[in-house]
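Below, each chain spelled out in residue letters.
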Amino acid sequence: MSKSALAADQAALSATADNISNQNTEGYTRRSVSWSSGDTVNVRGTSTTTGVTATVVAQRDRVLQRAVQTATEAASASSTRVTSLSSLQSLFAIGSTGEDASGIGAAVSDFFNAATALASTPTDGTARQTMLTAAQTLASAMNRTAGQISLQSSALNQTITSSVAQANSLAATVASLNQQISSASGGTSVDSLVDQRDLAVTQLSKLIDVNSIANSDGSVGLALSDGTALVTGSIALPLTTGVASGVTQIYAATSAGGANVTGAIHGGSIGGSLQVRDSDMPAVMAQLDTLAGTIAAAVNAQNALGTDAAGNPGGAIFSGSTAATLTVVATSASAIAASPDGSNVAAIGALQDAASIGGKTFSGAFSEMVSGLGTTAADATTGRATDAAVLTQTTTQMEAVSGVSLDTEALNLTQFQRSYEAAAKVLAIVNELMAQAINLGTQTTVS
């Protein structure tokens, strides 16, 4: 019995030492000791046990682990979205002069103001050139902003491709550890492997949202929200990326069907990037395109109702129906239909006060777009704070179960050391008594 007590205490001391040395090891779960009595032996009607055994158990709570994983996916997605939205919003940031960084708001006002100014002096060549230059400035501002948004979208495509590669690497790690876990015989080595595997799953959840399914052999399966498998036992099924219509798409492994799974990814940094690229940016671009296209169509239509400097019907000033394609096609200021009395170009100037887009003026529609983007960014920031708080709460709850407290381990260490010393003393006494009995009571030194 004393020998089994010594062995059990030694196991407990070893587990405590592991806890202390791994307090700051990422992914480590606290080891505790479960005590149980040995086999019961009946000798001449007297029952006794063969001693005590200690089983080292890793303190894991799968429900809390899943909660932390889900919170990690949400927090990573919202954080990535806020960062990307901040970059998008910076294109329209209001400066100290009250103008936005894109220059579109000022360019719209300057163009129509130039038309109004020309109306009072329709034969003034300088005033005509001022209006044409204002049109070119407006088109350039639209083109430049559309190009910057396109560049940000391309950067997100690159980030998504890189993140998918990282996700595949982590999925391969999970599959490899699954293989080692399912083929191991149990014990501390398995606990260490499970810690590594669970850490890899947590790191994966920072990139992409996955459902994890525990298997009877100790392995876990991983799948996307639509059921597309990423890991099945010891087999990883890597995602692939490809470009469709200039946009990076994500596809399942060929062995998993090869379908486009981009729409099934909502969490992790990849999910956050996808939301900005496929939802937030297109919403801004759609409004910007509507503004550019509506201005071009309205100005061209009104210019066609007047006569240019040569007495001919006015032609188009702009071409293109989007911010990226808006172009000034009038090659000379004389193409502006301001003759003969300036009334037609005055009508062009008056367009800035017309409710042309959803009941709003051109400037009003642009302001609404900028304001809406600001609201979206603010809501995303609030969501990030909420997600971060949930992650902190669930992590704290899991740490209470799986984390290492040095104070607790110090108490355990003292307790197990005393227990070990007591068992050793009992063993020494038993050995001495046995030696004396064998030597018929003669005092004998037992080493």
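Chains are numbered independently. Their residues run from 1 in the order of the written sequence. Local features are withheld for residues below a pLDDT of 70 in this predicted model, meaning they are given only at 70 or higher, and side-chain atom pairs are given and counted only at 80 or more; totals for whole chains, interfaces and linings count all residues. Side-chain metrics in this entry use all non-hydrogen atoms of the structure; hydrogen atoms and water are not considered.

1. Things to note about the overall build of the chain
To keep things clear, this is the line we draw: Helix and strand assignments come from DSSP, with helices taken as H or I runs of at least 4 residues and strands as E runs of at least 2, each series counted from the N terminus. Exposure is judged per residue with a 1.4 Å probe applied to protein chains only, and the accessible area is read against the type maximum: over 50% gives exposed, under 20% gives buried, and values in between give partly exposed. Pairs of residues are marked as contacts when any of their non-hydrogen atoms sit within 4.5 Å. Note on areas: these come from Shrake-Rupley sampling with a 1.4 Å probe, and a residue is covered only by the protein chains present in the view.
Along its length, the chain carries 9 helices and 12 strands. In the chain, which comprises 447 residues, the share counted as buried stands at 40%. When contacts within the chain are restricted to residue pairs at least 6 apart in sequence, those whose partners lie at least 24 apart make up 66%. Put simply, the chain shows about 21300 Å² of open surface, and 55% of that area lies on carbon and sulfur atoms.

2. Topic: the packing of aromatic side chains
Rule in force here: In this scheme Phe, Tyr and Trp rings, the latter by its six-membered ring, pair at centre separations within 6.5 Å, and the angle between planes marks the pair as stacked below 30 degrees, edge-to-face above 60, and tilted otherwise.
Under the defined criterion, the tally for this structure stands at 4 aromatic pairs. Geometrically, the ring pair formed by Phe-111 and Phe-318 is edge-to-face, given 5.6 Å between the ring centres and 65 degrees between the ring planes. With Phe-111 in helix α3 (residues 104-120) and Phe-318 in strand β11 (residues 318-319), the pair connects residues that are 207 residues apart, well separated along the chain. One aromatic cluster is present, built from ring pairs that chain together Phe-111, Phe-112, Phe-318 and Phe-362.

3. As for unusual backbone geometry
Residue Pro-340 is bonded to the preceding Ser-339 through a cis peptide linkage, with omega at -5 degrees. In this fold, Pro-340 is placed in the loop between β12 (327-328) and α7 (343-350). Despite not being glycine, Ser-245 shows a phi value in the positive range, around 55 degrees.

4. Observations concerning the sheet that holds strand β8 (residues 235-236)
Just so we agree on the cut-off: Here, a strand pair is defined by DSSP locating no fewer than two bridges between the strands. Only the stretch in contact is used when a helix axis is fitted, and all axes are lines through C-alpha atoms; the angle between N-to-C directions ranges over 0 to 180 degrees.
One open sheet holds the 4 strands; their spatial order is β5-β6-β7-β8, and the pairing between them is antiparallel. Two strands lie at the open edges of the sheet, namely β5 (211-214) and β8, each paired on one side alone. Contacts from helix α4 (residues 125-183) reach β6 (220-223), β7 (229-232) and β8 within the one sheet, and its direction differs from that of β7 by about 25 degrees.

5. Quick notes on the pairing of strand β9 (residues 240-244)
Bridge count between β9 and strand β10 (residues 247-251): 5 bridges; the pairing is antiparallel. For Ala-244, the partnering residue across the bridge sits in β10 and is Val-247. Where β9 hands over to β10, the hairpin turn is made up of 2 residues, of which Ser-245 adopts a positive phi near 55 degrees.

6. Some remarks on the pattern of salt bridges
The following threshold applies: Put simply, a salt bridge is a Lys or Arg side-chain nitrogen that is within 4 Å of an Asp or Glu carboxyl oxygen.
Applying the stated criterion to the full structure yields 9 salt bridges. Here Arg-60 ties to Asp-195 by a salt bridge, and the two come within 2.8 Å at their closest N and O atoms. Of this pair, Arg-60 sits in the loop between β4 (52-58) and α2 (62-90) while Asp-195 is found in helix α5 (residues 188-205), placing the two residues 135 residues apart along the sequence. Linking Arg-62 and Asp-198 is a salt bridge whose minimum nitrogen-to-oxygen distance equals 3.0 Å. Taken together, the residues span a long stretch of sequence, with Arg-62 in helix α2 and Asp-198 in helix α5 at a distance of 136 residues. Classification of Asp-198 as buried rests on a relative accessible area of 13%. Residues joined in a network through salt bridges with shared partners are Arg-31, Arg-60, Arg-62, Asp-191, Asp-195, Arg-197 and Asp-198.

7. Thoughts on α2
Threshold: How far a helix is expected to stretch is found by multiplying one less than its residue total by 1.5 Å. Any N or O atom pair separated by 3.5 Å or less is treated as a polar contact, with the protein-specific requirement of one donor-capable and one acceptor-capable atom, and with residues adjacent in sequence counted only for side-chain atom pairs.
When the terminal C-alpha atoms of α2 are compared, their 42 Å separation across 29 residues agrees well with the 42 Å that a helix rising 1.5 Å per residue should span. Looking at where α2 begins, the residue whose side-chain oxygen comes 3.0 Å from the main-chain nitrogen of Val-63 is Asp-61.

8. Considering the packing of helix α6 (residues 268-303) against helix α8 (residues 362-402)
The angle between the axes and the distance between the axes are what describe a pair of packed helices. Stated formally: Note that the term roughly parallel is reserved for angles under 35 degrees, roughly antiparallel for angles over 145, roughly perpendicular for angles of 65 to 115, and oblique for everything else. Any residue outside Ala, Val, Leu, Ile, Met, Phe, Trp, Tyr, Cys, Pro, Asp, Glu, Lys and Arg is labelled polar, Gly included; the first ten of those are nonpolar and the last four are charged.
Their axes nearest at 10 Å, the elements α6 and α8 cross at an angle of 175 degrees. Taken as axis vectors, α6 and α8 run roughly antiparallel relative to one another. Every residue of α8 that contacts α6 at Asp-280, Val-284, Gln-287, Leu-288, Leu-291, Thr-294, Ile-295 and Ala-298 is listed here: Phe-362, Phe-366, Met-369, Leu-373 and Thr-376. Partitioning the contact of α6 with α8 into residue classes produces 9 nonpolar, 3 polar and 1 charged.

9. A word on the packing of α3 against α8
With their axes 10 Å apart at the nearest point, α3 and α8 run at an angle of 180 degrees to one another. In terms of axis orientation, α3 runs roughly antiparallel to α8. Here Ile-104, Gly-105, Val-108, Ser-109 and Phe-112 of α3 come into contact with α8, specifically with Phe-362, Ser-363 and Phe-366. Residue classes in the contact of α3 with α8 are distributed as 5 nonpolar, 3 polar and no charged.

10. Description of the nonpolar core
For clarity, the cut-off: By nonpolar core is meant a set of buried Ala, Val, Leu, Ile, Met, Phe, Trp, Tyr and Cys residues that side-chain atoms within 4.5 Å join together.
If you look at the biggest cluster of nonpolar residues, it comprises 57 residues, and the most contacted ones within it are Phe-111, Met-131 and Phe-318. Of all the elements in the fold, those that place two or more residues in this core are α2, α3, α4, α6, α7 and α8. Here this core gets 12 residues from one element, more than from any other, and that element is α4. Excluding residues within four positions of it along the chain, Phe-318 makes contact with Phe-111, Ala-135, Leu-138, Ala-296, Val-299, Asn-300, Leu-326, Thr-327, Val-328 and Val-329. If you look at the next biggest cluster of nonpolar residues, it comprises 25 residues, including Ala-175, Val-201, Leu-207 and Ile-208.

11. Concerning the side chain of Ser-273
Along the chain, Ser-273 falls in helix α6. Once residues lying within four places of it in the same chain are set aside, the contact partners of Ser-273 are Thr-80, Leu-156, Thr-159 and Ile-160.

12. A word on the side chain of Thr-262
Position of Thr-262 among the secondary structure elements: in the loop between β10 and α6. Looking at Thr-262, the relative accessible area reads 7%, which means it is buried. Polar side-chain contacts of Thr-262 include one of 2.8 Å to the backbone nitrogen of Ile-250. One polar contact links Thr-262 to Asn-260, side chain to side chain, over a distance of 2.7 Å. Among all residues touching Thr-262, those that are not within four sequence positions of it are Gln-249, Ile-250, Leu-274, Arg-277 and Asp-278.

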